[in-house]
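# Commentary on secondary and tertiary structure
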Amino acid sequence: MKKTERINLIMRYINNRAHFTIAEIQREFKISRATAIRDINEIQEMGFPLTTELGRGGGYYVMQNQYLPAVRFTPDELKAIFISFIASKNSQLPYLQNRRSITEKLIGIASQTQQDELIELNHILLFENTNPANPNLLELDDAAPPELNQLISLAVRDRHLRLTYELSQGWPQLMDVYLLHIFNSNAQWLAEVYDFDMNEFRYLPVEMLRDSAISERKMRWSEEEILNKKRLRLRESNLVVKLDATGIRRFKRLHPPGIVLSLTGMFQSSGMFHVQLDVSDDEALAYYTDWLLFLGGGVEFERIPVELRSILEERVAKLKFP
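Residues numbered from 1 in each chain as written. Predicted model: local features only at pLDDT ≥ 70, side-chain atom pairs only at ≥ 80, totals over all residues. Heavy atoms only, no water.

A few words on empty space enclosed by the protein. Overall, the coordinates contain 2 cavities of 30 Å³ or more when judged by the stated rule. A volume near 30 Å³ is recorded for the second largest cavity. Surrounding the second largest cavity, Pro75, Leu78, Lys79, Gln114, Glu117 and Leu118 form its lining. When contributions to the lining of the second largest cavity are tallied by element, the ones reaching two or more residues are helix 4 (75-87) and helix 6 (112-124). The residue makeup of the lining of the second largest cavity, split by class, is 3 nonpolar, 1 polar and 2 charged. (1 Å grid on protein atoms, 1.4 Å probe; cavity = no way out; pocket = protein on both sides within 12 Å on 5 of 7 lines; lining within 4 Å. Points joined across faces, edges and corners; volume = space filled by probe spheres on them. Helix = DSSP H or I, 4+ residues; strand = E, 2+ residues; numbered from the N terminus. Nonpolar A, V, L, I, M, F, W, Y, C, P; charged D, E, K, R; others polar.)

Spelled out as C-alpha cells, the structure:
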C-alpha cells in the first residue's frame, strides 16, 4: 500500500473515533510503531485536530468528530455492503440487533432505482444456510450468545482479562488470561486465550463465559512473549499434514477450532496445517481419525504420532467392500 493511500485510510479510520491508540493503528494497518507515529504526526501537521494523553489508558483524542466530509457510497459499494448483509443473515453475529437499523439506513440513503436493485438482489442471491421460503431481509435468525458482545467490548480496551468459565453448570472456574482471538468455528463462537495459571493455550466456548472483566493482575508475560510461545508450539507440532485442493475445500467446511491452514500452492491448490495433538486423549484421537479420513485421499502426512497412525491403519483395514 502506498504511503498516501495509507494516510488517507488512517484519516478515515480515526475520523469516526473519539479516541484511538498507536497500537490500534499498528494492528489495523499492519505497520510498525515507528511508521504509525510518523503517519499520525504527518496527519496532525495537515491540521487534523488531535490531542494526546499519556498513561496506560492514554492515546489520541479527536477534538472534533467528522472533520472529514461525509462518506458517499457509489452504487457498487452500496450493493457490496447490502450483499454482505444478505450473506450473513443466517450467521451468528455480534451486535446483531444493530444490523436491522443499519440495513434500514442503507435502504434509506439509496435512490428509488437503487432500492429496486437491492430488493431484486435479495430475491436472486441465495447463500448457504439461507431459508428461501422466508427471505425477509430484516429477519434476525440466529443471534450470537449475549456473552460475545461483552467480551468484544472488553477486549478492544484491554486483552488481559479475568474470565469466569462455567464448563458445567454450578462449577465456575476463574481464569486469568490473555485473549488472542475471537472467532466462529463450526457455528460456535470461541475465544482463543493464553491461560496464565495453566501456562497453556485454550479455546473456550464464548457461551460458557460469565462475568468477564479486565484483569487487575500484572501480566506474567508480554504479548510478544506469548506469541513466541505460540510459534514454538507450532514448531513442535506432532501432526503436520499437506492437503490437495479437495482437502482444502473440505477443511473449509469442517475443522477443529484453532487450526490455521497455510496455502502453499498457486490458486489454492495445496495447503498445510500443524497440530500439537494430545496422544493420551482417546476421544481426540478418535475425532482426528474421522476428520482426516473426511479430508479425502489427497492427504499427505509429513509428521504423525504413532498412536494416530495405528488407529488410521486399523480403521482402513476394517473397511468392508462388496
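There's more to say after this.
Moving on: helix 4. An α-helical turn contains 3.6 residues, so a residue and the one three or four places further along point in the same direction. Taking 1.5 Å as the rise per residue, helix 4 with 13 residues should run 18 Å; its terminal C-alpha atoms sit 18 Å apart, in good agreement. Taken as a whole, helix 4 has its buried residues at Leu78, Phe82, Phe85 and Ile86. Around the axis of helix 4, the buried residues are gathered within 100° of arc, so they sit on the same side. (Expected span 1.5 Å × (residues − 1). Buried < 20%, exposed > 50% of the residue type's maximum accessible area, 1.4 Å probe, protein only. Arc of directions from axis to C-beta.)

Looking now at the packing of helix 4 against helix 6. Describing two packed helices takes the angle between their axes plus the distance from one axis to the other. In contact at an axis separation of 10 Å, helix 4 and helix 6 are set at 35° when each is read in the N-to-C sense. The interaxial crossing formed by helix 4 with helix 6 has right-handed handedness. Side by side, helix 4 and helix 6 meet where Pro75, Leu78, Lys79, Phe82, Ile83 and Ile86 of the first sit next to Gln114, Glu117, Leu118, Leu121 and Asn122 of the second. The class makeup of the residues in the contact of helix 4 with helix 6 is 7 nonpolar, 2 polar and 2 charged. (Axes fitted to C-alpha atoms, helices over the stretch in contact; angles between N-to-C directions. Left-handed = near helix turned anticlockwise from the far one by under 90°. Contact = heavy atoms within 4.5 Å.)

Taken together, the 5 strands give an open sheet; going across it, the order is 7-6-5-4-8, and neighbouring strands pair in antiparallel fashion. One side of each edge strand has no neighbouring strand; the edge strands of this open sheet are strand 7 (200-205) and strand 8 (209-214). Neighbour-to-neighbour, the strand axes of the sheet open up by a mean angle of 45°, direction not taken into account. As defined by bridge partners, strand 4 (residues 160-168) adjoins strand 8 across 4 bridges and the pair is classed as antiparallel. In the strand pairing of strand 8, leucine 161 is matched with isoleucine 214. Lying over the sheet, helix 7 (residues 146-155) contacts strand 4, strand 5 (171-185), strand 6 (188-195) and strand 8, oriented at roughly 15° with respect to strand 8. Its contacts with the sheet place helix 8 (residues 223-235) against strand 5, strand 6 and strand 7, and it is angled at close to 75° to strand 5. (Pairing = 2+ DSSP bridges.)

With that out of the way, let us pick up the nonpolar core. If you look at the biggest cluster of nonpolar residues, it comprises 19 residues, and the most contacted ones within it are Leu243 and Phe273. Examining the composition of this core, we find that 5 residues originate from one element, helix 10 (residues 282-294), more than from any other. Beyond its immediate stretch of four places on either side in the chain, phenylalanine 273 contacts Leu239, Val240, Val241, Leu243, Phe251, Ile259, Val260, Leu261, Trp291, Leu292 and Leu295. Residues Ile152, Ala155, Val177 and Trp189 belong to the second largest nonpolar core, which totals 18 residues. (Core = buried A, V, L, I, M, F, W, Y, C linked by side-chain atoms within 4.5 Å.)

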